[in-house]
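# Coordinates in review
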Amino acid sequence: QSIFVFAMKGGMVPTWLELLLATQFFAICTNHLSSTRNECNLFCIDCEESKGAFCYYCRSRHHSTHQVIQIRRSSYHDVVRVAELKDILDISDVQTYVINSATVVFLNERPQHRGCGVSAIKASSSSYNCEICNRALLDPFRFCSLGCNLKGIKEDMRTTVPIGDIIDYTRKDDDTDSSNTSGNSGNNEESCSDADYCKDNPSPPRVIRHRRKGIPRRAPFF
């Protein structure tokens, strides 16, 4: 199965990403209540089902040939390993963390309070902060999580004006002037066909210029 890397920087956001971020993980699978590995911590990017999370046994039965990623927990927050995302998603703007010897990224934002306390001090003193939730970052990244990355992409798409939509006002004015000139000449011709209009607005009198005669010459006497 071929894997396509989605370039989020260019505004191309995969449809399964929003579903992934909205999915609640680690619930008990209702189809395998008595099984040991019944936590719903898996997600299929091929199916894009509304009920995105499923367990180990559901994967074996319904998603054995699909592209599946596993969600893990760190301090009550959902994370996913970079190794599982690097071939299907551009996460170069997201802060990475090393947890249990594995490099991971957080799924959703973890905003720090802007009041007082240790979190606020870290956010204000940090050289790098998330552009969306202002969380202090360890390295020069733009976002702290995939959720903030998605919000940042949407904001960039709203503020970016495509080149094709930029109006060339200079050219438009030139076209308007030329159209007005041609339109005025046509209107003058049409108005002269109206007798009442011509009576109220007579055309300026013509200036008749006579050619100057040459020097008169006397006829010769015979």
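Residue positions within a chain follow its written sequence, with the count starting from 1. The predicted nature of this model means local features are confined to residues of pLDDT at least 70 and side-chain atom pairs, given and counted, to a pLDDT of 80 or more, with totals for whole chains, interfaces and linings taken over all residues. Neither water nor hydrogens contribute to the side-chain values; these are computed over all heavy atoms in the structure.

Where an unreviewed UniProt entry is consulted, the chain appears under the name B box-type domain-containing protein, with the organism given as Aegilops tauschii subsp. strangulata.

Next up on the list: the pattern of salt bridges. Salt bridges are identified by distance alone: a Lys or Arg side-chain nitrogen within 4 Å of an Asp or Glu carboxyl oxygen. Counted by the stated rule, this structure contains 7 salt bridges. Between Arg142 and Asp93 there is a salt bridge, with the nearest N and O atoms lying 4.0 Å from each other. In this pair, Arg142 is assigned in the loop between helix 4 (118-125) and helix 5 (146-159) and Asp93 in the loop between helix 3 (82-85) and strand 5 (97-99), connecting sequence segments 49 residues apart. The salt bridge involving Arg142 is made with Asp156; its shortest N-O contact spans 3.4 Å. Helix numbers and strand numbers start at the N terminus; a helix is a DSSP run of H or I with at least 4 residues, a strand a run of E with at least 2.

A few words now on helix 1 (residues 15-22). For every residue, the accessible area obtained with a 1.4 Å probe (protein chains only) is divided by the maximum for its type, and the residue is called buried under 20%, exposed over 50%, and partly exposed between those limits. Turning to helix 1, its buried residues are Trp16, Leu17, Leu20 and Leu21. Down the axis of helix 1, the buried set is contained in an arc of 135°. They therefore lie on one face. What points out from helix 1, more than 90 degrees from its buried face, is the exposed set Thr15 and Ala22. Any two residues whose heavy atoms approach within 4.5 Å at even a single point are treated as in contact. Residues of helix 1 that are buried sit in contact with strand 1 (42-44), strand 3 (68-74) and helix 5. This arc corresponds to the set of directions leading from the helix axis out to the C-beta atoms.

All axes here are fitted lines through C-alpha atoms, helices being fitted over the stretch that makes contact, and every angle between N-to-C directions spans 0 to 180 degrees. Interaxial distance between helix 1 and helix 5 falls to 10 Å at its minimum, and their mutual angle equals 135°. In this view, helix 1 runs oblique relative to helix 5, as classed from their interaxial angle. The chirality of how helix 1 crosses helix 5 is left-handed. From helix 1, Leu17, Glu18 and Leu21 reach across to helix 5, where they touch Leu146, Gly147, Leu150 and Lys154. Each residue is assigned to one class: nonpolar for Ala, Val, Leu, Ile, Met, Phe, Trp, Tyr, Cys and Pro, charged for Asp, Glu, Lys and Arg, and polar for all the others, Gly among them. Here the residues of the contact of helix 1 with helix 5 are counted per class, giving 4 nonpolar, 1 polar and 2 charged. Roughly parallel means an angle under 35 degrees; roughly antiparallel, over 145; roughly perpendicular, 65 to 115; everything else is oblique. Crossings are sorted by hand: turned counterclockwise from the far helix by less than a right angle, the near helix makes the crossing left-handed, and turned clockwise it makes it right-handed.

To continue, consider the sheet that holds strand 5. When DSSP finds two or more bridges between two strands, those strands count as paired. Read from one edge to the other, the open sheet built from 6 strands follows the order 2-1-3-4-6-5, with strand pairing classed as antiparallel. What marks the edges here is a single partner per strand, and that holds for strand 2 (53-54) and strand 5. Strand direction decides the pairing type here: strand 4 (residues 77-81) and strand 6 (residues 102-106), joined by 3 bridges, are antiparallel. Bridge pairing in strand 6 links Val80 to Val105.

Before going further, it helps to spend a moment on the environment of Ser145. Here Ser145 lies in the loop between helix 4 and helix 5. For the pair Ser145 and Leu107, spaced 38 residues apart in the sequence, the C-alpha separation amounts to 5.4 Å. When sequence neighbours within four positions are dropped, the list of residues in contact with Ser145 reads Val94, Phe106, Leu107, Asn108 and Glu109. Whenever two N or O atoms come within 3.5 Å, that pair is a polar contact, provided that in protein one can donate a hydrogen and the other can accept it, and provided that, for residues adjacent in sequence, both atoms are side-chain atoms. Side-chain polar atoms of Ser145 contact the backbone nitrogen of Cys148, separated by 3.3 Å.

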